[in-house]
Amino acid sequence: MAFIVADPCIKCKNTDCAEVCPVNAFHEGKNMVVIDPKVCIDCRLCVDECPVGAIYSDEELPVDWLDYAEINAIYAKKWPVIKSKKEPLPESEEFSQVQNKRDLFDPNPGD
Ligand code: SF4
Ligand code: F3S
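A brief structural summary. (Residues numbered from 1 in each chain as written. Chains lettered and ligands numbered in written order. Predicted model: local features only at pLDDT ≥ 70, side-chain atom pairs only at ≥ 80, totals over all residues. Heavy atoms only, no water.)

With that out of the way, let us pick up the overall build of the chain. Counting secondary structure elements, the chain contains three helices and four strands. Along the chain, from the amino end to the carboxyl end, the secondary structure elements read β-α-β-β-β-α-α. Scaling as 2.2 N^0.38, a compact globule of 111 residues should have a C-alpha radius of gyration of about 13 Å, and the chain matches this with 12 Å. For the chain, the spread of C-alpha atoms along the principal axes amounts to about 30 × 30 × 25 Å. Residue burial in the chain is summarised as follows: out of 111 residues, 45% are buried. Taking the contacts inside the chain whose residues are at least 6 apart along the sequence as the reference set, 78% of them involve residues at least 24 apart. Entry remark: accessible area of the chain is about 6,000 Å², with carbon and sulfur atoms responsible for 49%. For the chain, the centre of its 12 positive side-chain charges and the centre of its 21 negative side-chain charges are spaced 7 Å apart. (Helix = DSSP H or I, 4+ residues; strand = E, 2+ residues; numbered from the N terminus. Rg over C-alpha atoms; globule rule 2.2 N^0.38 Å. Buried < 20%, exposed > 50% of the residue type's maximum accessible area, 1.4 Å probe, protein only. Contact = heavy atoms within 4.5 Å. Areas by Shrake-Rupley, 256 points an atom, 1.4 Å probe, with all protein chains shown as cover. Lys, Arg positive; Asp, Glu negative; His and termini not counted. Charge placed at Lys NZ, Arg CZ, Asp CG, Glu CD.)

The structure is reproduced here in structure tokens:
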């Protein structure tokens, strides 16, 4: 099992999750983060930290967002590790209310 960052993270990227992960499993893209399934130890600490409810276990991942399991696995290999909290994206509050943002996913790495 592993935990997966899904659709609500896109254009929110609050990063509270990265701060609490004991194994630094989070990787940062331009407009979301992902979890490396090979590093995650299933501690669940990050789930309640996310203010937009973006993090699910692979067993709980909503059916519409199953592709995020692959997105996490692929982009964890491409994006840099993020270990601590940063400022959320400026549009975070606006996009916290938006659902199904898959088309807005940015494949580029974070800074
Ligand atoms: Fe890190 Fe635990 Fe979240 Fe996995 S479940 S990403 S180990 S905080
Ligand atoms: Fe994204 Fe939530 Fe973490 S918005 S960056 S999964 S705290």
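Take the site of ligand 1 next. Lining the immediate environment of ligand 1, one finds Phe-3, Cys-21, Pro-22, Val-23, Phe-26, Ile-35, Cys-40, Ile-41, Cys-43, Arg-44 and Cys-46. Of the residues belonging to the shell around ligand 1, the class tally is ten nonpolar, no polar and one charged. (Near = heavy atom within 4 Å. Nonpolar A, V, L, I, M, F, W, Y, C, P; charged D, E, K, R; others polar.)

Evaluation of the coordinates by the stated rule reveals seven salt bridges. Ionic pairing is found between Lys-30 and Asp-111, a salt bridge with its closest N-O pair at 3.0 Å. Pair noted here: Lys-30 is in the loop between β2 (26-28) and β3 (33-35) and Asp-111 is in the segment after α3 (92-95), with a separation of 81 residues, a long-range link. Two residues, Asp-67 and Arg-102, come together in a salt bridge whose shortest N-O distance is 2.9 Å. Separated by 35 residues along the polypeptide, Asp-67 in helix α2 (residues 67-76) and Arg-102 in the segment after α3 bring together distant segments of the chain. Counted as one network, the salt bridges with shared partners bring together Lys-13, Glu-28 and Lys-86. (Salt bridge = Lys/Arg side-chain N within 4 Å of Asp/Glu carboxyl O.)

What follows is about the site of ligand 2. Ligand 2 sits among 13 residues. The nearest are Cys-9, Asn-14, Thr-15, Cys-17 and Cys-50. In terms of residue class, the shell around ligand 2 is made up of nine nonpolar, two polar and two charged.

This part is about the nonpolar core. Of all hydrophobic cores here, the largest spans 32 residues; its most connected members are Val-5, Phe-26, Met-32, Ile-35, Ile-55 and Tyr-68. Among residues more than four places away in sequence, those in contact with Phe-26 are Val-5, Cys-17, Ala-18, Cys-21, Val-33, Val-34, Ile-35, Cys-46, Ile-55, Pro-80, Val-81 and Ile-82. (Core = buried A, V, L, I, M, F, W, Y, C linked by side-chain atoms within 4.5 Å.)

All told, the structure shown has four aromatic pairs when counted by the stated rule. Geometrically, the ring pair formed by Tyr-56 and Trp-65 is edge-to-face, given 6.1 Å between the ring centres and 65 degrees between the ring planes. This pair shows no difference in class: Tyr-56 is buried, exactly as Trp-65 is. Between Tyr-75 and Phe-105, the aromatic rings sit 5.1 Å apart at their centres with planes inclined by 70 degrees, giving edge-to-face as the arrangement. Here the residue Tyr-75 occupies a position in helix α2, and Phe-105 occupies one in the segment after α3, the gap between them amounting to 30 residues. Taking relative accessible area as the criterion, Tyr-75 reaches 16% and is therefore assigned buried. Among the aromatic side chains, those forming a connected cluster through ring pairs are Tyr-75, Trp-79 and Phe-105. One residue, Lys-11, lies across the ring of Phe-95, its end atom 5.1 Å from the ring centre. Geometry around Tyr-75 places Lys-78 over its ring, the cationic atom sitting 6.0 Å from the centre. (Phe/Tyr/Trp six-rings, centres within 6.5 Å; stacked < 30°, edge-to-face > 60°. Lys NZ or Arg CZ within 6 Å of the ring centre and 35° of its normal.)

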